[in-house]
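Notes for the structure review
Spelled out from the first residue to the last, the chains are:
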Amino acid sequence: MGEAEPGMNRLPLSGYRVLSSEQYGAGPYSTMFLAQMGAEVIKIEPPGAGDTARAVGPHFLREGESVYFQAFNLNKRSLTLDLRTERGQEILRRLARDVHVVANNLRGDLPAKLGLTYDALKDINPAIVCAHLSAYGRDNERARWPGYDYLMQAEAGFMHLTGEPDGLPTRFGLSMVDFITGTIMAIGLLSALVDAERTGTGRDVDVDLLAAALHQMSYPALWYLNEGDVTGRTPRSAHPSVTPSQMFRTADGWVFVMAQLPKFWGVLTDRIGRGDLAQDARFATPANRLANRAALTIELDAIFSTQPTAHWLGLLEGHMPVAAVNDLPAALDSDYVRRIGMIAEVEHPDRDDLRVLASPIKLDGERPPLRAAPLLGADTDAILGDLGYDEDAIAGMKRDGIV
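Below, the structure is looked at part by part. (Residues numbered from 1 in each chain as written. Predicted model: local features only at pLDDT ≥ 70, side-chain atom pairs only at ≥ 80, totals over all residues. Heavy atoms only, no water.)

**Some thoughts on the overall build of the chain**
Each helix and strand in the chain was counted, giving 19 helices and 11 strands. Taken over 403 residues, the chain has a buried fraction of 46%. (Helix = DSSP H or I, 4+ residues; strand = E, 2+ residues; numbered from the N terminus. Buried < 20%, exposed > 50% of the residue type's maximum accessible area, 1.4 Å probe, protein only.)

Structure, rendered in structure tokens:
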């Protein structure tokens, strides 16, 4: 179990076992990092349908496996198990004897009902860490509420900060609250795991989508809490207090230029051949540039619009922070992205050349190896066999819908 993958001598979580009753995005995103770091992650799925993410379209592999599902479940094993049944609970407890972590991203009131808490499992494994990711937490009046990323973006204020000043409140193009909450859960459970190894005593670790979203409000939250300063939307996705740090129109698209430090303003004006702008009293200091953002935008738009994006990147890249504003094909078909190894291929029974995103983490200079996400229940027989169930017992549980 949890052995190092071929091609890498030692993965940091090799030998650790994680059970996860998980679905959709946030929880699976979290445990995928653990799996890629070498942990044996056993994904518990309802018999029959499995994780709801398996049915998310519009793109499917040959036998109906969702491409979406692959984004969150690489390197895992799949066990079908109905935790609502007595036999399902028996299997859970047998598995929990020899695992380090039990994780879930269920509605806040469900972990206790399904025996996934430290209190429910400490008698058979005192060192077990039980990690819970829910919409609103398990200890308040919203525990039974369902909730998703977009709702958190709305309630925590993200949407009010996003978009053009005269436009509608706008959500992020991706489910970033899911992803950051999953990342925070991984940090929390790994910290608890370190302590459990040191003390022999595990614990519950809780994170929730709304709390994580609120925490990401960071400095605008502190500006408001301490100064009553309400950060608003800015034109061109500009930084709220530094300029120029925004998009500018080029002859064939957009470029994002970030003179985030005073020195970069000098680099910018020098490299575009407009030292006169640096001497202009309206733009001479950071405060003046902010006060005259609209005028500066007009000046720089007139310059950047004379040449295509590639021209400006050639002048500025490596000298100051700058990037093309790419569409999805340009972002993913980039030669640089391929050279750094962020696109990988994995073997899958339903697609010969399934392409996935590699881990953003490098270990000793290499990205960890990848396996395709498992077919539903692909490891059920092997996992139950390791627990001592024979073929007849497993077949009977399948007939009864327990696995």
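Having seen the structure, we can now continue with the description.
**With respect to the sheet that holds strand β7 (residues 245–249)**
With antiparallel pairing, 3 strands are arranged side by side in an open sheet as β7-β8-β9. Of all the strands in the sheet, just β7 and β9 (322–324) have a single pairing partner and so form its edges. Across the sheet, the axes of successive neighbouring strands diverge by a mean angle of 20 degrees, strand direction being ignored. Sheet analysis places strand β8 (residues 254–258) next to β9, joined by 3 bridges and oriented antiparallel. Note that in β9 the partner of V255 across the bridge is A324. Packed on one face of the sheet, helix α14 (residues 293–304) meets β7 and β8 and runs near 45 degrees to β7. (Pairing = 2+ DSSP bridges. Axes fitted to C-alpha atoms, helices over the stretch in contact; angles between N-to-C directions. Contact = heavy atoms within 4.5 Å.)

**Structural notes on the packing of aromatic side chains**
The description of an aromatic ring pair rests on the distance of the ring centres and on the angle between the ring planes. Counted under the stated rule, the structure contains 11 aromatic pairs. Each ring, one from F72 and one from F179, has its centre 6.1 Å from the other, and the planes form 35 degrees; the classification is tilted. With F72 in the loop between α2 (67–70) and β3 (77–80) and F179 in helix α8 (residues 176–199), the pair connects residues that are 107 residues apart, well separated along the chain. With 5.5 Å between their ring centres and 25 degrees between their planes, F158 and F172 make a pair best called stacked. (Phe/Tyr/Trp six-rings, centres within 6.5 Å; stacked < 30°, edge-to-face > 60°.)

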